[in-house]
Amino acid sequence: MPSKVAGRIHAKEQQRESRDCPSNLTAMDKYFICLANSYKHGGRCLAGIEIAFNADGKHYIMRHDDGRPIWVRPISNQPDGSIPTAIAQQIKLFDVVRMTDTLPCPDKAHVEDTKYAALDCNQGHYTPSDELLKLCIDSKHQNVFYFRGKAIPAKMVDRLDYSLMLIKPEEAHAYIDEDREKSKYRMKFTYYGSHYDFPITDPVFLEAFKKEPERYANLQGVYLTLSLGLEFEGFHFKLVAAVILTEEPKIASSVTTDTSGEIEELSYMEKQKLRYP
């Protein structure tokens, strides 16, 4: 059982009025472990893995027939479905959230989209651990959202039946692309031998990364929640929606020797140029 979180505010917002949802379904409550609380236009995108409770009060992860965990993404009445920041800020990663009176509202690859009547974030909290995260990993897909590219053309998105996944990459490096005006905070990572480079939309990680970028240049024991964004200029871009660390990041020592033989410390930007020429 998760530990209860004292003093958490009960966040409510009436929903299910904008997007057409199946009308022949009975509304029901759903619970999920929050594994993403990321930027989405002017608000946030919440997502997590659905859980249920047995008679003893212990949780189990809901799964598809192929063994993958079932993801849910609460959708608001905003045109883009984003959750108001004032509500989303009350929900942290690994909180257990209850959505009341839910109705599934799949939208192309976004099969996880779910309308709700209210969000209750006072349902408990799990401590991040490898044991829990390994149960949440997508063990079926060896490519990230169909293929290795940074985005999916809108005309191809119907080929996908998922838009969220949790992975444990072989390597991961957060970096700043100074040549970009937007989406310059990025993550390069390797997954099943393929190399990827996506924007980071995790506000908590970004706040820490901006303060000490050198600490996150080589991440160990990291899990990534990956998401497929809404259509933008004919494409659905792939995003790092959450960076989950199971080890305290360390500043790697990088030195070089000048022509006089004296050792000097490389600046962070010099390290980035060497790592990503």
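In case you missed it, the structure is sitting above this.
Throughout what follows, the structure given in this document is the object of discussion. (Residues numbered from 1 in each chain as written. Predicted model: local features only at pLDDT ≥ 70, side-chain atom pairs only at ≥ 80, totals over all residues. Heavy atoms only, no water.)

1. As for the side chain of Ser 227
Here comes step 1: Turning to its location among the elements, Ser 227 is positioned in strand β13 (residues 222-232).
Here comes step 2: Judged by its relative accessible area of 7%, Ser 227 falls in the buried class.
Here comes step 3: Discounting residues that sit within four places of it in the chain, Ser 227 has contacts with Arg 73, Phe 145, Ser 163, Leu 164, Phe 237, Lys 238, Leu 239 and Ala 241. (Helix = DSSP H or I, 4+ residues; strand = E, 2+ residues; numbered from the N terminus. Buried < 20%, exposed > 50% of the residue type's maximum accessible area, 1.4 Å probe, protein only. Contact = heavy atoms within 4.5 Å.)

2. What about the pattern of salt bridges?
Here comes step 1: This model, assessed by the stated rule, comprises 12 salt bridges.
Here comes step 2: We note a salt bridge from Lys 30 to Glu 50, for which the minimum N-O separation is 3.3 Å. Placement of Lys 30 in strand β1 (residues 28-40) and of Glu 50 in strand β2 (residues 43-53) is noted, with a sequence separation of 20 residues between them. Accessibility classification places Lys 30 together with Glu 50 in one group, the buried group.
Here comes step 3: Asp 113 is paired through a salt bridge with Arg 73; the nearest N and O atoms lie 2.7 Å apart. Of this pair, Asp 113 sits in strand β6 (residues 113-115) while Arg 73 sits in strand β4 (residues 71-75); the two residues are 40 residues apart in sequence, bridging distant segments of the chain. The same class applies to Asp 113 and to Arg 73, which are both buried.
Here comes step 4: In the salt-bridge network here, residues are joined through shared partners; they are Asp 29, Arg 98 and Asp 120. (Salt bridge = Lys/Arg side-chain N within 4 Å of Asp/Glu carboxyl O.)

3. Regarding the nonpolar core
Here comes step 1: The biggest cluster of nonpolar side chains holds 30 residues, and the ones touching the most others in it are Met 187, Phe 189, Phe 205, Leu 224, Leu 226, Val 240 and Val 243.
Here comes step 2: Elements supplying a minimum of two residues to this core: β9 (164-167), β10 (171-176), β11 (185-191), β12 (194-199), α3 (203-211), β13 and β14 (235-245).
Here comes step 3: In terms of residue count, β13 provides more of this core than any other element does, four residues in total.
Here comes step 4: Discounting residues that sit within four places of it in the chain, Leu 226 has contacts with Val 144, Phe 145, Ser 163, Leu 164, Met 165, Ile 167, Phe 189, Phe 198, Leu 239 and Val 240.
Here comes step 5: The next biggest cluster of nonpolar side chains, apart from the first, holds 20 residues, and it includes Phe 94, Cys 136, Leu 166 and Ile 244. (Core = buried A, V, L, I, M, F, W, Y, C linked by side-chain atoms within 4.5 Å.)

4. Comments concerning a nonpolar patch on the surface
Here comes step 1: A contiguous nonpolar patch, built from Phe 232, Phe 235 and Phe 237 and spanning about 280 Å² of accessible area, is present on the exposed surface.
Here comes step 2: Positionally, Phe 235 belongs in strand β14.
Here comes step 3: Using a relative accessible area of 37% as the deciding quantity, one classes Phe 235 as partly exposed. (Patch = residues over 30% accessible without salt bridge, like charges linked within 9 Å, V, L, I, M, F, W, Y side chains within 5 Å. Areas by Shrake-Rupley, 256 points an atom, 1.4 Å probe, with all protein chains shown as cover.)

5. Observations concerning the sheet that holds β12
Here comes step 1: With antiparallel pairing, three strands are arranged side by side in an open sheet as β10-β11-β12. The open sheet has two edge strands with one neighbour each: β10 and β12. Within the sheet, the average angular offset between the axes of one strand and its neighbour, ignoring direction, is 20°.
Here comes step 2: Note: β11 against β12, six bridges, orientation antiparallel. Bridge pairing in β12 places Lys 188 opposite Asp 197. (Pairing = 2+ DSSP bridges. Axes fitted to C-alpha atoms, helices over the stretch in contact; angles between N-to-C directions.)

6. Comments concerning α3
Here comes step 1: Of all the residues in α3, the buried ones are Pro 203, Phe 205, Leu 206 and Phe 209. The buried side chains of α3 occupy one side of the element, clustering within an arc of 155° when seen end-on. For α3, the exposed residues lying more than 90 degrees away from the buried face are Val 204 and Lys 211.
Here comes step 2: The backbone nitrogen of Val 204 lies 3.1 Å from a side-chain oxygen of the residue at the head of α3, namely Asp 202. (Arc of directions from axis to C-beta. Polar contact = N/O pair within 3.5 Å; in protein donor to acceptor, adjacent residues only side chain to side chain.)

7. Some remarks on the sheet that holds β9
Here comes step 1: Pairing is antiparallel across the open sheet formed by four strands, whose spatial order is β8-β14-β13-β9. Here the strands that pair on one side only, and so sit at the sheet edges, are β8 (151-153) and β9. Here the strands of the sheet are splayed against their neighbours by 25° on average, with no regard to which way each runs.
Here comes step 2: In the sheet, β9 pairs with β13 via four bridges, with the strands oriented antiparallel. Bridge pairing in β13 links Met 165 to Leu 226.

8. Quick notes on the pairing of β2
Here comes step 1: Taking burial as the measure, the 11 residues of β2 include 10 buried ones, the bulk of the element.
Here comes step 2: Here nine bridges tie β1 to β2, and the two strands are oriented antiparallel to one another. Among the inter-strand pairings, Ala 36 is bridged to a residue of β2, identified as Ala 47.
Here comes step 3: Joining the antiparallel neighbours β1 and β2 is a turn of two residues, in which His 41 adopts a positive phi near 50°.
Here comes step 4: The pairing of β2 with β4 spans two bridges and is classified as antiparallel. By the bridge assignment, Gly 48 is partnered in β4 with Val 72.
Here comes step 5: Bridge analysis of β2 against strand β3 (residues 59-61) gives three bridges, and the strand direction is antiparallel. Counterpart to Ile 51 in the pairing with β3 is Ile 61.

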